[in-house]
Amino acid sequence: MVDSQYYLPNDIGISALDCRVAFRLLSPKEQMYAHYLSRASWYGGLIVLIQTSPESANIYVLLQKIFRLQAPQQLEAAATAAGLSTEEYQAFLVYAAGLYANMGNYKSFGDTKFIPNLPKEKFKALVWESLAFKQSPGDMETLWGCCCEPLYSLEDKQKQLGLGEKGISAYFSGNCCLEDAEFAQKFLDSKNLSAYNTRLFKTEIDGKRCYEVRLASAEKDNCAVEGKSEVCCGKHEFEDSVFSVKRGDYAFLMEKVCQNLEKAKDYAANENQKRMLEEYIRSFTCGSVEAHKEGSRYWIKDKGPIVESYIGFIESYRDPFGSRGEFEGFVAVVNKAMSARFAQLVSSAEVLLPELPWPPAFEKDIFLKPDFTSLDVLTFAGSGIPAGINIPNYDDIRQTEGFKNVSLGNVLAVAYATQKDKLTFLEENDKDLYIKWKGPSFEVQVGLHELLGHGSGKLFVQDDKGKYNFDQTAVRNPETGELISSWYKGSETWDSKFSTIASSYEECRAECVGLYLCLNKQVLSIFGHEGEDAEEVVYVNWLNMVRAGLLGLEFYTPESKSWRQAHMQARFVILRVLLEAGEGLVGLRECTGADGRPDAVITLDRSKIYTVGKSAIQRFLCKLQVHKSTADVEGGRALYEGYSAVTADGTHNFLRLRETVLLRKEARKMFVQANTYIKGDAVELVEYEGSAAGLIQSFVERFPDDAEEVEAQLREMTCMDSSCWC
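Residues numbered from 1 in each chain as written. Predicted model: local features only at pLDDT ≥ 70, side-chain atom pairs only at ≥ 80, totals over all residues. Heavy atoms only, no water.

Below, the discussion takes up the overall build of the chain. For the chain, the count of helices and strands is 26 helices and 19 strands. Since a compact globule built from 726 residues should have a radius of gyration of about 27 Å, the 25 Å found for the chain is in line with a globular shape. Once the C-alpha set of the chain is aligned to its principal axes, its extents read approximately 75 × 70 × 60 Å. The burial tally for the chain puts 61% of its 726 residues in the buried class. Contacts spanning at least 24 positions in sequence make up 76% of the contacts within the chain whose residues lie at least 6 apart. Accessible surface computed for the chain: about 27,800 Å², of which carbon and sulfur atoms make up 48%. If the 81 positive side-chain charges of the chain are averaged to one point and the 103 negative ones to another, these points end up 1 Å apart. (Helix = DSSP H or I, 4+ residues; strand = E, 2+ residues; numbered from the N terminus. Rg over C-alpha atoms; globule rule 2.2 N^0.38 Å. Buried < 20%, exposed > 50% of the residue type's maximum accessible area, 1.4 Å probe, protein only. Contact = heavy atoms within 4.5 Å. Areas by Shrake-Rupley, 256 points an atom, 1.4 Å probe, with all protein chains shown as cover. Lys, Arg positive; Asp, Glu negative; His and termini not counted. Charge placed at Lys NZ, Arg CZ, Asp CG, Glu CD.)

This paragraph deals with the packing of helix 18 (residues 494–517) against helix 23 (residues 633–644). In contact at an axis separation of 10 Å, helix 18 and helix 23 are set at 55° when each is read in the N-to-C sense. As judged from the angle between their axes, helix 18 and helix 23 are oblique. Every pair of crossing elements has a handedness; the one defined by helix 18 and helix 23 is left-handed. Residues Lys497, Phe498, Ser499, Thr500, Ile501, Ser504, Tyr505 and Cys508 of helix 18 touch helix 23, and the partners they reach there are Val633, Gly636, Arg637, Tyr640 and Glu641. (Axes fitted to C-alpha atoms, helices over the stretch in contact; angles between N-to-C directions. Parallel < 35°, antiparallel > 145°, perpendicular 65-115°, else oblique. Left-handed = near helix turned anticlockwise from the far one by under 90°.)

On to the sheet that holds strand 10 (residues 404–408). The strand order across the open sheet built from 5 strands is 6-7-8-10-9, with neighbouring strands paired in mixed fashion. Sheet topology places strand 6 (307–315) and strand 9 (388–391) at the edges, where each strand pairs with a single neighbour. The mean inter-strand angle of the sheet, taken between neighbouring strand axes irrespective of direction, is 35°. Pairing of strand 9 with strand 10, which is carried by 4 bridges, proceeds in the antiparallel orientation. Note that in strand 10 the partner of isoleucine 391 across the bridge is lysine 404. Contacting strand 7 (326–335), strand 8 (371–381) and strand 10, helix 14 (residues 336–352) crosses the sheet at an angle of about 135° to strand 8. (Pairing = 2+ DSSP bridges.)

Evaluated as defined, the whole model comprises 47 aromatic pairs. With centroids separated by 5.1 Å and ring planes inclined at 75°, the aromatic side chains of phenylalanine 92 and phenylalanine 123 adopt a geometry described as edge-to-face. Residue phenylalanine 92 is found in helix 6 (residues 86–102), and its partner phenylalanine 123 is found in helix 7 (residues 120–129); the two are separated by 31 residues along the sequence. Overall, phenylalanine 123 belongs to the buried group, its relative accessible area being 0%. Linked through ring pairs, Phe67, Tyr89, Phe92, Tyr95, Phe114, Phe123, Trp128, Phe133, Trp144 and Tyr152 together constitute an aromatic cluster. The side chain of arginine 606 reaches across the aromatic face of tyrosine 539, ending 4.1 Å from its centre. The ring of phenylalanine 699 has arginine 702 lying over it, and the distance from NZ or CZ to the ring centre is 4.6 Å. (Phe/Tyr/Trp six-rings, centres within 6.5 Å; stacked < 30°, edge-to-face > 60°. Lys NZ or Arg CZ within 6 Å of the ring centre and 35° of its normal.)

Below is the structure:
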């Protein structure tokens, strides 16, 4: 029996993202703009297959070839002929849908591998029975041979993403370990090169370590990047090793992205959008993160666009070292009614920021009012779809030039709907309340988390010229009362300095800001909650957080003592902080469920949220900010890893509770997205049903003009590096 965490259940929730009304409200020009941005995003999204695992792209191609000739309904007869039961065929469809939705065979949320929930010989029999196999038996057999072993393998190292012996990562060749990642970061820092759009490959020649740093770019030649005095491409001696910096990673796909961004430019609404796209094209052509930063600056200046988008190597959650960005691209349409509430929150930010529990010197000198909009997603290409985003992730831009926040309204509408009979770990009298107020409370939490969580706090920096952005003779550590003694120097960034814990630590800080400020009556009023309703929103927001902390145990791997999901680690840390606060604020007890199996119940004393709870979050949040502001990696790591520890000791046996959580876990929902096509002078929107078959069909129809060329290129890219993970 395979552990259920390694396959997707047949009844997994699959919902269509509804954007019909939002799309139809766009003008023909805006629809064209959205269409070409979507095309760029979908082509770029395929890069995630290459970034996720060595086998993901081959599995994708195998499935595409099967479904292109036979839609799921037509393939069913072949499945029956191959001896699959109805349940086994559904498991095959769910696996395929999961691979498309996660852009690879590892879950985007949790980084665990998932394998087909049907016997390997049945999967093979279906491939052999398919029309694709009958038409091209040699090619299909070769493809099957490339991916059949890793498709089902659950060797310890292959169970999750990770570095070295801890897991699989296609950001690094298989022989790299944490020390290599740290050493490469030192080299990149010395050349003032960002790791965001890179991968690292290690070889040994004549006993000397040789590293290849690959930059994602359409250009394969080592062209000079405009505006940069030093061209870093080429060979560099560094300490006892040789680094070779090369362009051209994912070149075919990067070229496709650039071609579509070029077409989108013709339909840009203003000069900022045009300049933004020009810089993105420059970035993706030559592999320059500086150009992407420049594009992001124009993006920030493009206030309140009707069609909002962002594209590039953005989030570093899935790089085990925490520095390399996964490709994503989204296109969305503004929801004006909900955006008005967020605009009001932005207007109140300068009043709310001083409420945060750190001294004024630890806050940004000027709060740069961002755009904060609610969007209905048309396209979100990548490994998964979040509920809210705060970007860009470049700290030097965020600190001095600003950022944007988005809340994804049509994702929130379907992602967090919960059925009472599937609601775990709550007392019966909390369940109805939770279902009623989960949506409204999460909307408040997302707003605060993105705007005032990620948008707050200052980093103390001494730049390359020795200039400080703070008064080192006056700024004191509120924890010790002494002058601060550490800060960021030169090209050091939050990600490069805090590396492996940076993402989760920052998510924890933002979640704490949400919990802390949702107690503010003004905030609740902005979202339309007054009186008793406002109190219910606060209660359910805090209750949801402590329950999420318990659910987070699913994403912890005891064997490697590592966390696989930044947000869930953050929520577990908050649960630990609130349990430690004592005085009966949070209760967590193990019990036996009605089904006779192990269960647990988590409770929250609402009368103590504003006293015991607020005080605990206040103290913890201040510590998080001080370590972050002062680049105190040692102190920050000790604090965060202490609360992140999952043990059997103490009041709660969290290792045993993890088994209970796994026993009762509910699979994360998958989303079906629409496609757009140009018909004559107009753009047509095609939507699909919210099912595994609908999700599959949406991908089969996603690349109507060049699917076979795209697949051939994916195979070539995979084949070129296959020896790096043997």
